[in-house]
Each structure stands twice: as structure tokens, then as C-alpha cells.
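As a plain string of letters, each chain reads:
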Amino acid sequence: SAVISQKPSRDICQRGTSLTIQCQVDSQVTMMFWYRQQPGQSLTLIATANQGSEATYESGFVIDKFPISRPNLTFSTLTVSNMSPEDSSIYLCSGGTGIYEQYFGPGTRLTVT
Amino acid sequence: GQQVMQIPQYQHVQEGEDFTTYCNSSTTLSNIQWYKQRPGGHPVFLIQLVKSGEVKKQKRLTFQFGEAKKNSSLHITATQTTDVGTYFCAGGNNFGNEKLTFGTGTRLTIIP
């Protein structure tokens, strides 16, 4: 299994600013992902973080809004840019070590005012 | 795109009663996974099913994967207060990556 940590755990930001969320895995994982989850809702995949190359984004998410880095196998960042209140959500990173199972970080609760 | 729906959306049961959640995909899946998310927590992996018609058990939990690999179910026998949470199925499409499509989830509450 893998243990995943995220920083910050929560933040309150003003609209128009940007926030970078960090995700650290305690062991090497083949895949890392970023999700968004509204309270009481399901998880929506934002993108797959690829080591050393551009992330693969899902429909409805773009690099200019959610730039992602993954410089090595154990670390990734997600930036939420030019934030608006609609970006208020919980952001989760996950890592995959086995065939397909994923381990999730504790999440970052973002509130945009 | 691929959609994964779960029913029911909410379930309230008396402690000791059984509980079942059903998961249906719009497309054939390569595998189905189940996750549990406690209130205020993050999703935790429970199990993965790969084969058509596969059935797996974990103590009071029984997981099934449909013959057509488009549906799945999770059954909990004699629920306990520790079973409280939201149960998500997540389907894999095996397109050369480990990407999952999460279901809509079933929130289980237990009446003591």
C-alpha cells in the first residue's frame, strides 16, 4: 500500500488568486491522479499526472486553469488558477501501485470567497 | 463518455439489517473496484473484481461482478455502526492506463 499526504489540508482564498496543492507519496507509484469532489458528491477526475511530461486532462478541465506537475514518481502539484467561488471544492490526489487500485490523500478543502 | 450510476443514492437501515448497493456502467468494464468513504474522510480501497461473474467476500461484505461486466453489487450482512459511510464503485476501462470512473455513490446511515 501507499501513504499519501497533501498540503495544505484546507485554505480560504480570494477570487482571482491561485493556490498550489502538494501531494507526496511515501513510495513510488506508477500513476498519480487529481480529483475534485463537491461535498456529498462523487469524485470527478481532473487529470492524470505524468512523470516528467504534461498531464493528461479530462474533458472540461484545461491546463491553463489546472496546471499540474510531477517531477518524480513520488510528488505532484496541482495549481488552481484565477480562482472563482465555483472552484470551491475538495481536491484529492491519488496514487496507483498495484494493477489498478488507488490510494487517496486526505484531501484539500478549498473555499474561494 | 462512460457513466457509472449507483442505486440507491441514500439508504437508512436499522443496525443489524442487511444493505445492498447496485452499480451500473454504460459501457463494458475491464474491472470494478469498490471504495468506502467515511464522513469527513477520503475514499479507501475495499476490493477489485476482474472476472465476469466473480464473487468475493470480506467478512460481512459480498461483492459481485456481473456476467456482462457492466454491473456490480455490494451486499453487507447484519450492518454495524462502523459501516456508516458512502460506498463508491469505480470502473476501469483498461485503455492502457489505470484511470477510474467513479460511480455516483450510495450513502449508508445506520439507525442504532
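Residues numbered from 1 in each chain as written. Chains lettered and ligands numbered in written order. Predicted model: local features only at pLDDT ≥ 70, side-chain atom pairs only at ≥ 80, totals over all residues. Heavy atoms only, no water.

Caption draft 1: Inspection of the overall build of chain A at higher detail. The secondary structure content of chain A amounts to zero helices and 11 strands. Going from the N terminus to the C terminus, chain A shows its helices and strands as β-β-β-β-β-β-β-β-β-β-β. With the principal axes as the frame, chain A shows a C-alpha extent of 40 × 25 × 20 Å. Across the 113 residues that make up chain A, the buried fraction comes to 50%. Long-range pairs, those at least 24 residues apart, make up 53% of the contacts in chain A with a sequence separation of at least 6. Surface summary for chain A: the accessible area is close to 5200 Å², and the carbon and sulfur share equals 48%. In chain A, the 7 positive side-chain charges and the 8 negative ones have mean positions that sit 8 Å from each other. (Helix = DSSP H or I, 4+ residues; strand = E, 2+ residues; numbered from the N terminus. Buried < 20%, exposed > 50% of the residue type's maximum accessible area, 1.4 Å probe, protein only. Contact = heavy atoms within 4.5 Å. Areas by Shrake-Rupley, 256 points an atom, 1.4 Å probe, with all protein chains shown as cover. Lys, Arg positive; Asp, Glu negative; His and termini not counted. Charge placed at Lys NZ, Arg CZ, Asp CG, Glu CD.)

Caption draft 2: Geometry of the overall build of chain B. Helices and strands together make up the secondary structure of chain B, namely zero helices and 11 strands. Order of helices (α) and strands (β) in chain B, N terminus to C terminus: β-β-β-β-β-β-β-β-β-β-β. Compactness check: chain B gives a C-alpha radius of gyration of 13 Å against a globular reference of 13 Å for 112 residues, within 12% of the reference. The dimensions of chain B, computed from C-alpha atoms along their principal axes, are 45 × 30 × 20 Å. Counting over 112 residues, chain B shows a buried share of 46%. In chain B, of all internal contacts separated by at least 6 residues, the share reaching a separation of at least 24 is 53%. Entry remark: accessible area of chain B is about 5500 Å², with carbon and sulfur atoms responsible for 51%. Side-chain charges in chain B split into 11 positive and 7 negative, and the spacing between the mean points of these groups amounts to 6 Å. (Rg over C-alpha atoms; globule rule 2.2 N^0.38 Å.)

Caption draft 3: Fine view of the interface of chain A and chain B. Listed as interface residues are 21 residues of chain A and, on the opposing side, 18 residues of chain B. Taken together, the two surfaces of chain A and chain B that pack against each other cover about 1700 Å², and 54% of this comes from carbon and sulfur. In this structure, B:Lys99 and A:Glu58 form a salt bridge, with 3.2 Å as the shortest nitrogen-oxygen distance. Joining chain A to chain B, the criterion identifies four residue pairs in polar contact (both at pLDDT 80 or more). Put simply, the parts of the chain that give the side of chain A that touches chain B at least two residues each are strand S4 (31-37), strand S5 (43-49), strand S9 (89-96) and strand S10 (102-104) of chain A. The biggest single contributor to the side of chain A that touches chain B is S4(A), with four residues. When its residues are assigned to classes, the side of chain A that touches chain B shows 10 nonpolar, nine polar and two charged. (Buried area = accessible area lost by both parts, 1.4 Å probe. Salt bridge = Lys/Arg side-chain N within 4 Å of Asp/Glu carboxyl O. Polar contact = N/O pair within 3.5 Å; in protein donor to acceptor, adjacent residues only side chain to side chain. Nonpolar A, V, L, I, M, F, W, Y, C, P; charged D, E, K, R; others polar.)

Caption draft 4: Looking closely at the packing of aromatic side chains. Following the criterion strictly, the structure yields 11 aromatic pairs over all chains and no others. Measuring from centroid to centroid gives 5.8 Å for A:Phe104 and B:Tyr35, while their planes differ by 90 degrees, and the two rings are edge-to-face. Taken as a pair, A:Phe104 in strand S10 and B:Tyr35 in strand S4 (residues 31-37) lie in two separate chains rather than in one. Overall, A:Phe104 belongs to the buried group, its relative accessible area being 5%. Between B:Phe88 and B:Phe102 the ring centres are 6.3 Å apart and the planes differ by 75 degrees, which places this aromatic pair in the edge-to-face class. In this pair, B:Phe88 sits in strand S9 (residues 85-92) while B:Phe102 sits in strand S10 (residues 100-102), placing the two residues 14 residues apart along the sequence. (Phe/Tyr/Trp six-rings, centres within 6.5 Å; stacked < 30°, edge-to-face > 60°.)

Caption draft 5: Seen up close, the environment of A:Ser5. Residue and element names in this part refer to chain A. By the secondary structure assignment, Ser 5 is in strand S1 (residues 4-7). Along the sequence, Ser 5 and Phe 75 sit 70 residues apart, while their C-alpha atoms lie 9.8 Å from each other. In contact with Ser 5, other than residues within four places in its own chain, are Gln 22, Cys 23, Gln 24 and Pro 106.

Caption draft 6: Highlighting the nonpolar core. Residues and elements named next belong to chain A. Formed by 26 residues in total, the largest nonpolar core has its most connected members in Trp 34, Ile 46, Phe 66, Ile 68, Leu 78, Tyr 91 and Leu 110. Among the elements of the structure, strand S3 (19-25), S4, S5, strand S8 (75-80), S9 and strand S11 (108-112) are those that each provide at least two residues to this core. Ranked by residue count, the leading element in this core is S3, at four residues. Apart from the residues lying within four places of it in its own chain, the contact partners of Tyr 91 are Gln 6, Ile 21, Tyr 35, Arg 36, Ile 46, Phe 66, Leu 78, Val 80, Gly 107, Thr 108 and Leu 110. (Core = buried A, V, L, I, M, F, W, Y, C linked by side-chain atoms within 4.5 Å.)

Caption draft 7: Representation of the pattern of salt bridges in the model. Residue and element names in this part refer to chain B. Inspection of the entire model under this criterion finds four salt bridges over all chains. We note a salt bridge from Asp 83 to Arg 60, for which the minimum N-O separation is 2.9 Å. Taken together, the positions of Asp 83 in the loop between strand S8 (71-76) and S9 and Arg 60 in the loop between strand S6 (55-58) and strand S7 (61-65) put the pair 23 residues apart, joining distant regions of the chain. Accessibility expressed as a relative area gives 5% for Asp 83, which makes it buried.

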